[in-house]
Structures are given as structure tokens and as C-alpha cells.
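As a plain string of letters, each chain reads:
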Amino acid sequence: MPVLAFVSSIFVITFEQVVQWKYGATGIVGLVLLTVGIKAKSPTVSSVGAVVLALLVAGPAL
């Protein structure tokens, strides 16, 4: 069990760093909103986070 928690925390930290490197602070804000919304079971907050991330990803195509 501790090994699984350690591996998942390494994955989360690595993913956050990649998002911050590629999309900057706005990407981290979107990721935090999405995560907090999912953990708090708040569809509004998670939707805002998902929209922020979608706009960052689709920004060059628009």
C-alpha cells in the first residue's frame, strides 16, 4: 500500500510539473480547480477547471 501511494504521488507531481512547464501558471490554476472540484464533488468548480484547461489546449487552434 505505501508503495502505491508513493508511486501515485510521484505521478501527480510529475504531471503538475509538465502542465506548469507547458501551460504556465494558468494551467496549474485550471488543474487545481479541476482537482478540488472532483474531490469536493462540486460540478461547478470542476467544470470551470476543465474549461480553463480546454481553452489552454485549444488556444492555438482558435
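Residues numbered from 1 in each chain as written. Predicted model: local features only at pLDDT ≥ 70, side-chain atom pairs only at ≥ 80, totals over all residues. Heavy atoms only, no water.

1. Some thoughts on the environment of Val-51
For step 1, the next point in the chain: Here Val-51 lies in helix 2 (residues 43-58).
For step 2, the next point in the chain: Taking relative accessible area as the criterion, Val-51 reaches 47% and is therefore assigned partly exposed.
For step 3, the next point in the chain: Sequence separation of Val-51 and Val-29 is 22 residues, and the distance between their C-alpha atoms is 11 Å. (Helix = DSSP H or I, 4+ residues; strand = E, 2+ residues; numbered from the N terminus. Buried < 20%, exposed > 50% of the residue type's maximum accessible area, 1.4 Å probe, protein only.)

2. Some remarks on helix 2
Because each turn of an α-helix spans 3.6 residues, side chains separated by three or four positions in sequence point in the same direction.
For step 1, the next point in the chain: For helix 2, with 16 residues, the first-to-last C-alpha span of 22 Å sits near the 22 Å given by 1.5 Å per residue.
For step 2, the next point in the chain: Residues of helix 2 that are buried include every one of Ser-46, Gly-49 and Leu-53, and no others. Projected down its long axis, helix 2 shows its buried positions confined to an angular sector of 65 degrees, all on one face. Relative to its buried face, helix 2 has exposed residues pointing more than 90 degrees away, namely Pro-43, Thr-44 and Leu-55.
For step 3, the next point in the chain: Lining the buried residues of helix 2 we find helix 1 (2-39). (Expected span 1.5 Å × (residues − 1). Arc of directions from axis to C-beta. Contact = heavy atoms within 4.5 Å.)

3. Observations regarding unusual backbone geometry
Among all residues except glycine, the phi angle is most often negative; among peptide bonds, the trans geometry is most common.
For step 1, the next point in the chain: One non-glycine residue with positive phi stands out, namely Lys-41, at about 55 degrees.
For step 2, the next point in the chain: The residue Lys-41 is located in the loop between helix 1 and helix 2 in this model.
For step 3, the next point in the chain: According to the relative accessible area criterion, Lys-41 is exposed, its value standing at 74%.

4. What to know about the environment of Phe-15
For step 1, the next point in the chain: In this fold, Phe-15 is placed in helix 1.
For step 2, the next point in the chain: Assessed through its relative accessible area of 41%, Phe-15 is described here as partly exposed.
For step 3, the next point in the chain: When the C-alpha positions of Phe-15 and Ile-28 are compared, they lie 10 Å apart, and in sequence the two are 13 residues distant.

5. What to know about a nonpolar patch on the surface
For step 1, the next point in the chain: Taken together, Val-3, Phe-6, Val-7 and Ile-10 make up a surface patch of nonpolar side chains, about 400 Å² in accessible area.
For step 2, the next point in the chain: Classification of Val-3 as exposed rests on a relative accessible area of 61%. (Patch = residues over 30% accessible without salt bridge, like charges linked within 9 Å, V, L, I, M, F, W, Y side chains within 5 Å. Areas by Shrake-Rupley, 256 points an atom, 1.4 Å probe, with all protein chains shown as cover. Salt bridge = Lys/Arg side-chain N within 4 Å of Asp/Glu carboxyl O.)

6. So, the packing of aromatic side chains
For step 1, the next point in the chain: Going through the model one piece at a time under the given rule, you end up with one aromatic pair.
For step 2, the next point in the chain: Ring geometry for Phe-11 and Phe-15: centres 6.4 Å apart, planes at 20 degrees, overall stacked. Here Phe-11 pairs with Phe-15, and both are found in helix 1, just four residues apart, close to one helical turn.
For step 3, the next point in the chain: What makes Phe-11 exposed here is its relative accessible area of 58%. (Phe/Tyr/Trp six-rings, centres within 6.5 Å; stacked < 30°, edge-to-face > 60°.)

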